[in-house]
Amino acid sequence: MIRRLAALATTLLALSSPAAAQSALFGMETTDETAPLWEGSILAAGGYVAHYPAASEGQFKALPVPFLIYRGDNLRIGDNGFIRARQEMAGGRFELDIGLDGSFDVDSKDNKARQGMPDLDLLIEAGPKATWHFMPKHADVQVDLGVEVRAVIATRLIGFDYEGISVNPELSWSDRSLGGTKLRGYASIGPVFGFDGVNDYFYGVDAAYATATRRAYKADDGYIGTKTTLGVAYPINDRLLVFGAAQVGYYGGSANEDSPLFRDKTNVSVGAGVRWSFWQSEARVPVVR
């Protein structure tokens, strides 16, 4: 249960919007441009995700995910970033935070391409992210350019294994008032690159697991694919919000397109859910977008 909860917290939140609580999408309704200093929320979400990049099969997941938000003056946790250090350089348009991403564990017996191979463990990815905001930070419409470098860690929750490094430049757009309504929109696109072994984790085949239809393969570092994410959210009130999102991954031109585990150039993932803010502190701070 704990393992699946951690997987959903990273994967479905990343699917819906980069970072654990992207304010453009997940911020609650407010009329005075302030938000609670502390906030406890539950995200009940479900979705379909591919087993791994360029896989031909996927899986459905659904679980509630509790998370805590702290909005300090210089440090923010769970508010538009897993951990966010606000920078006032260039008029506040440059920010540095720690990005979070992840992938579900996969039983190889449930994936035709990987049958007989070791299972894929839950992956947790975390690392620094630098973001440049092209628009003033208080504008409803935001256009951002970010670069995220993450360490990829495989875990069974009784041990951790370093699997490599992922690099993800990304261009994103968000609007907190689509058509002048409370409906919010989010879109992003960016390539993903893998280094120091992470590509081999997905696409490598050791000689011991080679078969007549699956040759041994050593994966190369480099380009994995490009992800495009679209999301919408609607805050019903200052406690309840509903959302939906879709992500398309295109893997044509991948450095490992010739791997026997590379099965489909296009993956589509979808998710939907609700966020309920069950506790908010009386102390409030200005909204930072």
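Residues numbered from 1 in each chain as written. Predicted model: local features only at pLDDT ≥ 70, side-chain atom pairs only at ≥ 80, totals over all residues. Heavy atoms only, no water.

According to its UniProt record, the protein chain has this under Sequence similarities (unreviewed entry): "Belongs to the MipA/OmpV family." What the UniProt record of the protein chain gives under Subcellular location (unreviewed entry) is the line "Cell outer membrane". (UniProt positions renumbered as here; feature names shortened; annotations may be inferred.)

A. Main features of the overall build of the protein chain. Each helix and strand counted, the protein chain has 3 helices and 14 strands in total. Of all intrachain contacts in the protein chain linking residues separated by at least 6 positions in sequence, the fraction that spans at least 24 positions is 66%. When the accessible surface of the protein chain is summed, it comes to about 12,800 Å², and 62% of that surface belongs to carbon and sulfur atoms. (Helix = DSSP H or I, 4+ residues; strand = E, 2+ residues; numbered from the N terminus. Contact = heavy atoms within 4.5 Å. Areas by Shrake-Rupley, 256 points an atom, 1.4 Å probe, with all protein chains shown as cover.)

B. The environment of A113, seen in detail. Position of A113 relative to the elements: it lies in the loop between β6 (94-103) and β7 (122-133). Discounting chain neighbours no more than four positions away, the residues touching A113 are Y52, E57, R214, L261 and R263.

C. Region of interest: the environment of A187. With respect to the helices and strands, the residue A187 is situated in strand β10 (residues 184-195). Measuring from C-alpha to C-alpha, the distance between A187 and A246 comes to 9.7 Å, with 59 residues separating the pair along the chain. Excluding anything up to four places from it in sequence, A187 contacts L171, S172, W173, T229 and L230.

D. Quick look at the nonpolar core. Ranked by size, the top nonpolar core spans 22 residues in total, and within it Y52, L123, Y201, F202, Y203 and L261 carry the most contacts. Those elements giving two or more residues to this core turn out to be β8 (141-155) and α3 (198-203). At 4 residues, the largest contribution of residues to this core is made by α3. Each residue touching L123, except ones within four places of it in the same chain, is listed here: D101, G102, S103, V152, I153, A154, E163, Y201 and F202. V65, I69, A233 and L241 belong to the second-largest nonpolar core, a separate cluster that totals 8 residues. (Core = buried A, V, L, I, M, F, W, Y, C linked by side-chain atoms within 4.5 Å. Buried < 20%, exposed > 50% of the residue type's maximum accessible area, 1.4 Å probe, protein only.)

E. Inspection of the pairing of β10 at higher detail. Here strand β9 (residues 160-175) pairs with β10 via 8 bridges, running antiparallel. Each residue of the ladder has a partner; that of W173, found in β10, is A187. Pairing of β10 with strand β11 (residues 222-235) involves 11 bridges; the strand directions are antiparallel. The partner of G185 across the bridge, within β11, is V232. (Pairing = 2+ DSSP bridges.)

F. Structural view of unusual backbone geometry. Located in the positive-phi region is A54, a residue other than glycine, with phi close to 75 degrees. According to the relative accessible area criterion, A54 is buried, its value standing at 0%. Notably, D196 is not glycine yet its phi reads approximately 60 degrees, a positive angle. Its place among the elements puts D196 in the loop between β10 and α3. Classification of D196 by relative accessible area gives partly exposed; the value is 48%.

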